[in-house]
Amino acid sequence: MANGQWFPPEWPDRIRALADGSLTPVTPKRAATVMLLKETGSGPAVHMLRRRASMAFAGGAYAYPGGGVDPRDDDHHVRWAGPSRAWWADRLGVDEKAAQAIVCAAVRETYEEAGVLLAGPGADSVVGDTTGADWEADRAALVARDLSFAEFLDRRGLVLRSDLLGAWTRWITPEFESRRYDTWFFVAALPEGQRTRNASTEADRTVWIAPAEAAAAYDRGELLMMPPTIATLRQLAPCGSPAEALTAARSRDLSPVLARARLVAGEVVLTWPGHDEFTKHIPSGTARA
């Protein structure tokens, strides 16, 4: 039985175009996504959303809340608590301005798409219920980019809690894709008093599911996912609690994972270094995998 690996039909032709030099790779945009975890009594569950089938990129695939960096995420200093920007720059392998933007994007996108806010009045507190009408008005303004995240925090007297995030992995969209992202994956625990909801216009369903259960559904072909999603689920499965996942994040290798495509004996071979399960062999002249 086929698994749930997302594989667009146009990829083989684009891979061949890249190999023969007729396709110029686009520059990837920085992005962040968050694997939000909660304790269930029998281990952690992760919050996932299903992208609408009409979406041009990964339609129908299950993913985590996330998205691209807003240029204003590094405009000026965001109200901040937890490890310093310098610490995050070293951890993420970027400069301090980029580090702020990536961490800010992770927190902002989690609020925009799941209604969960990793921020509080001080360095040791987190906001409670964020489902009120006034919160929703601010969330909608963030989505519309009428309000920057820094302005949002200032207005509410909140600080971003960077210590509630753990950097997990980094994946870069393959060079043959038309939409490319340099994405940092984070883990975080659902703050007490907050609840998730489907606040994203790009998703038609959200679920809380054990990582191992989601991976098993992918293996049966029941859940469609992109390689980084299923890879991170398999990595999360051994963690017995959200706290254990956050501890594990401290020593995770953040070397970027980038798919490679090459021509071998008349066929295209697509590989993700360190992730052999995603290897594809595409015969020459075949339009689909």
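The structure we're discussing is the one just above.
My aim in this report is to walk through the structure given alongside it, one point at a time. Note that this is a predicted model, so its numbers are computed, not measured.

### Some words on the overall build of the protein chain
Piece 1. What the protein chain contains, in helices and strands, is 8 helices and 14 strands.
Piece 2. Radius of gyration (C-alpha) of the protein chain: 19 Å, near the 19 Å computed for a compact globule of 289 residues.
Piece 3. The principal-axis extents of the C-alpha atoms in the protein chain amount to approximately 60 × 40 × 35 Å.
Piece 4. Here the protein chain holds 289 residues, and 52% of them are scored as buried.
Piece 5. Within the protein chain, contacts between residues at least 6 apart in sequence are counted, and of these 71% link residues at least 24 apart.

### A closer look at the sheet that holds strand β7 (residues 159-161)
Piece 1. As summarised here, the arrangement of the 3 strands in space is β5-β7-β6, forming an open sheet in which the pairing is mixed. Lying at the two open borders of the sheet, with one neighbouring strand each, are β5 (80-81) and β6 (119-120).
Piece 2. Sheet topology note: the β5/β7 ladder contains 2 bridges and is parallel. The residue bridging W80 from the neighbouring strand is L160, located in β7.

### Description of the nonpolar core
Piece 1. Formed by 39 residues in total, the largest nonpolar core has its most connected members in L92, L117, L165 and F186.
Piece 2. Looking at this core, the elements that each hand over two or more residues are β1 (29-39), α2 (85-92), α3 (96-114), α4 (133-143), α5 (149-156) and β9 (181-189).
Piece 3. Considering every element that reaches this core, the biggest residue donor is α3, with 9 residues.
Piece 4. Discounting residues that sit within four places of it in the chain, L165 has contacts with V34, W88, V103, A106, V107, L118, F186, V187, A188 and L246.
Piece 5. If you look at the next biggest cluster of nonpolar residues, it comprises 38 residues, including M48, L223, L233 and A259.

### Concerning the environment of V34
Piece 1. With respect to the helices and strands, the residue V34 is situated in strand β1.
Piece 2. V34 sits in the buried class, given a relative accessible area of 0%.
Piece 3. Once you skip the residues sitting within four places of it in the chain, V34 turns out to touch Y64, P65, A106, T110, L165, F186 and A188.

### Some details on the sheet that holds strand β14 (residues 280-283)
Piece 1. Across the sheet, 3 strands lie side by side as β12-β13-β14; this open sheet has antiparallel pairing. The two strands at the open ends of the sheet, each matched to only one other strand, are β12 (260-264) and β14. Each strand axis lies, on average, 20° off the axis of its neighbour in the sheet, ignoring direction.
Piece 2. The pairing of β12 with strand β13 (residues 267-271) spans 5 bridges and is classified as antiparallel.

### Here's the deal with α3
Piece 1. Compared with the 27 Å implied by 1.5 Å per residue over 19 residues, the 27 Å span of α3 between its first and last C-alpha is a close match.
Piece 2. Counted residue by residue, α3 has 17 buried out of 19 residues, so it is predominantly covered.
Piece 3. At the N-terminal boundary of α3, the capping side chain belongs to D95, with an oxygen 3.2 Å from the backbone nitrogen of K97.
Piece 4. Just downstream of α3, G115 is the residue with a positive phi angle, here 75°.

### A closer look at unusual backbone geometry
Piece 1. Positive phi, normally seen in glycine, also occurs at R145, with a value near 65°.
Piece 2. One can find R145 in the loop between α4 and α5.

### What to know about the packing of aromatic side chains
Piece 1. The tally for this structure, following the rule as stated, stands at 8 aromatic pairs.
Piece 2. Feature note: the residues Y111, W135, F149 and F152 constitute an aromatic cluster, connected by ring pairs.
Piece 3. Over the face of the ring belonging to W135 we find R156, whose NZ or CZ atom lies 3.7 Å from the ring centre.

### A word on the side chain of R91
Piece 1. Following the sequence through the fold, R91 ends up in helix α2.
Piece 2. As a buried residue without a salt bridge, R91 has its nearest oppositely charged side chain in D253, at a separation of 6.7 Å.
Piece 3. In this structure the side chain of R91 is engaged in a polar contact, spanning 3.4 Å, whose partner is the backbone oxygen of A167.
Piece 4. Each residue touching R91, except ones within four places of it in the same chain, is listed here: A167, A249, R250, S251, R252 and L254.

### Quick word on the pattern of salt bridges
Piece 1. For the structure on display, the rule yields 17 salt bridges.
Piece 2. Among the salt bridges present, the one from D204 reaches R50, with a minimum N-O distance of 2.8 Å. Here R50 lies in strand β2 (residues 44-51) and D204 lies in strand β10 (residues 203-209), a separation of 154 residues in the sequence.
Piece 3. With relative accessibility at 28%, the residue R50 sits in the partly exposed group.

So, how was this worked out
Residues numbered from 1 in each chain as written. Predicted model: local features only at pLDDT ≥ 70, side-chain atom pairs only at ≥ 80, totals over all residues. Heavy atoms only, no water. Helix = DSSP H or I, 4+ residues; strand = E, 2+ residues; numbered from the N terminus. Rg over C-alpha atoms; globule rule 2.2 N^0.38 Å. Buried < 20%, exposed > 50% of the residue type's maximum accessible area, 1.4 Å probe, protein only. Contact = heavy atoms within 4.5 Å. Pairing = 2+ DSSP bridges. Core = buried A, V, L, I, M, F, W, Y, C linked by side-chain atoms within 4.5 Å. Axes fitted to C-alpha atoms, helices over the stretch in contact; angles between N-to-C directions. Expected span 1.5 Å × (residues − 1). Polar contact = N/O pair within 3.5 Å; in protein donor to acceptor, adjacent residues only side chain to side chain. Phe/Tyr/Trp six-rings, centres within 6.5 Å; stacked < 30°, edge-to-face > 60°. Lys NZ or Arg CZ within 6 Å of the ring centre and 35° of its normal. Lys, Arg positive; Asp, Glu negative; His and termini not counted. Salt bridge = Lys/Arg side-chain N within 4 Å of Asp/Glu carboxyl O.

Scope: geometric values only; no functional claims are made or implied.
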